[in-house]
Amino acid sequence: MMKANLTPLFLFLFHVNSSTRGASALSASDGVRSLASTTANGVDCTSNFCENQIQPDFLLKYRINVPQGTDPTTCDGCTISMETIYDGDAWVSIAFSTTGQMTGSQAVIGIPGGNGNVPQKYNLFGRSASDVQPMSQSQQTLTDASIQVTNGQTIMKFTKIMSEPNEIPITTGDNEFLWAYGSSPPLGYHAARGSYVQNLSTGASAVTATPNKAAWLAHGIMAFLAWGVFSPFAVNFSLFRSLLPKGSVWFQLHRALNSCAYALTIAAFAVAAAYYSKEGSPHFDGEHQKMGLAMLIMASVQVLGGIFRPHVPEEGEKKPPVRSAWELGHRVLGTTVLACGFWEMREGIYLYSQKYSVDIDDQNKLAVAYWIWIGLMTASIGIGLGFFKTKKQEEPIGGETEEKVKADEDPEKAAENEDATLSA
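Scoring rules and cut-offs
- Residues numbered from 1 in each chain as written.
- Predicted model: local features only at pLDDT ≥ 70, side-chain atom pairs only at ≥ 80, totals over all residues.
- Heavy atoms only, no water.
- Salt bridge = Lys/Arg side-chain N within 4 Å of Asp/Glu carboxyl O.
- Helix = DSSP H or I, 4+ residues; strand = E, 2+ residues; numbered from the N terminus.
- Buried < 20%, exposed > 50% of the residue type's maximum accessible area, 1.4 Å probe, protein only.
- Pairing = 2+ DSSP bridges.
- Disulfide = S-S within 2.5 Å.
- Phe/Tyr/Trp six-rings, centres within 6.5 Å; stacked < 30°, edge-to-face > 60°.

Novice: Quick rundown of the pattern of salt bridges? Include the residues and the values.
Specialist: Scanning all chains against the criterion turns up seven salt bridges. In this structure, Lys121 engages Glu164 in a salt bridge whose closest nitrogen and oxygen atoms are separated by 3.1 Å. Separated by 43 residues along the polypeptide, Lys121 in strand 7 (residues 120-124) and Glu164 in the loop between strand 10 (153-161) and strand 11 (174-181) bring together distant segments of the chain. Take Glu164: its relative accessible area is 9%, and that puts it in the buried class.

Here it is, written out as structure tokens:
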């Protein structure tokens, strides 16, 4: 019901048939969707390899190795042997996580033909290739590690210590894993990826339903309307003012759209703050969150500056320096916060896609549609800026009175007079 009211861009983004994930225990109350598994019920994953068909073309096998003198519950010194089989020739990865997000996780990545065909352990500091960094040599503790391409299948094998210093521990209970593979052997952007919860003792695995999807979708829609629609149009009404009816029409539209953008920004910020608290996530811990706070502050300064702006000079008066300074600051700050909004929305699309495991193809298609829209908005503002400067350099059309030209140049004064009349 909600989607019917969305803008075409957001309909295109979020009307996807994607799986969802989370980090809760594997119980029916969590609304989990079981992954396909070839492991029979009751199989002991400490004695036999358990199998998990993560994707039709991606199979995971694993076995917990329990040393003598301990048990599967305590599991002191346990290791886990894992094998991934991908139906293709590309790099493959299994990662260990506490949040289900790529950033902050740790991975074992196998690159055919790389590192002597030996999988390595990596820290995932971010999403770019430069943020995927191999751990120090002292932490490269994998044994029986290999990666090879056989009969069109990429097969990665390794044995890892389950609990190591300064690394995310693996337990015999529920663990959150990430998986990914590329489109070719060199390490690069993943062709497919996802996350799931796995109980290593029982072999049970599931993708869980991450809650609050509607709230985060609403957060994104409000942000897009504010900074992808209302704010750019407010700027354009100012730049193309000469094409609108004379008087304060452009100023009234400019003010109304910016007011709507600011109100939506506050609402989007409130939703984010409320649901971060509800989900127990730290506030302002990532770049997107910090930028959101910075944008709210900048937008608030911009709004207050508009309310308490120096008034336009009376007819015949010279524009005071404080007014000139305000106009410059208003334009610079407005441009800055709008540019930040463009970046912030793209970052939000990625975070939503990661949180709710949106299909990578849908995510990429949306990114293209998003940047096309932002490109159009940016181009219109650029054209409008040139148009505005050209019109300012033109002489008033002959026959117009000085009072009429003054009224057209100072619509703020007209708007203020109209406001005063209405309030009276």
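Novice: Report on the pairing of strand 10, specifying residues and quantitative values.
Specialist: Two strands pair when backbone bridges link them, and strand 4 (residues 79-86) and strand 10 are joined in this way by eight bridges, in the antiparallel orientation. Of the residues in strand 10, the one forming a bridge with Met82 is Phe158. Bridging between strand 9 (residues 143-150) and strand 10 involves six bridges; their strand directions are antiparallel. Within the sheet, the bridge partner assigned to Gln148 lies in strand 10 and is Ile155. Connecting the antiparallel pair strand 9 and strand 10 is a turn made up of two residues, with Asn151 showing a positive phi of about 50°.

Novice: Could you give me a rundown of the state of the cysteines, with the residues and numbers involved?
Specialist: This structure, assessed with the given rule, holds two disulfides. Bridging Cys45 to Cys50, the disulfide has an S-S length of 1.8 Å. Negative torsions about the S-S bond denote left-handed disulfides, and the value of about -95° found for Cys45 with Cys50 makes this one left-handed. Residue classification places Cys50 among the buried residues on the basis of a relative accessible area of 1%. In this model Cys75 forms its disulfide with Cys78; the gap between the sulfur atoms is 1.9 Å. Handedness of the Cys75-Cys78 disulfide follows from its S-S torsion of about -105°: it is left-handed. The cystine pairing of the protein chain, numbering bonded cysteines in sequence order, is 1-2, 3-4.

Novice: Explain the pairing of strand 11 to me, using residue names and the numbers behind them.
Specialist: For strand 11, the buried fraction is high: seven of the eight residues fall into the buried class. Where strand 5 (residues 92-97) lies against strand 11, six bridges are found, and the strand directions are antiparallel. Bridge pairing in strand 11 links Ala95 to Leu178. Across eight bridges, strand 11 lies against strand 12 (residues 192-199) in antiparallel orientation. Looking at the pairing, Glu176 lines up with Val197 of strand 12.

Novice: Pulling in residues and values, what's your account of the packing of aromatic side chains?
Specialist: If you walk through the whole model with that rule in mind, you get 13 aromatic pairs. With 5.7 Å between their ring centres and 70° between their planes, Phe96 and Phe177 make a pair best called edge-to-face. Placement of Phe96 in strand 5 and of Phe177 in strand 11 is noted, with a sequence separation of 81 residues between them. As far as the burial class goes, Phe96 and Phe177 line up, both buried. Ring centres of Trp250 and Phe251 lie 5.7 Å apart, and the angle between their planes is 85°; this geometry places the pair in the edge-to-face category. Each member of the pair, Trp250 as well as Phe251, is classed as buried. Through pairs of rings, three or more aromatic residues link up here, namely Phe58, Tyr86, Trp179 and Tyr181.

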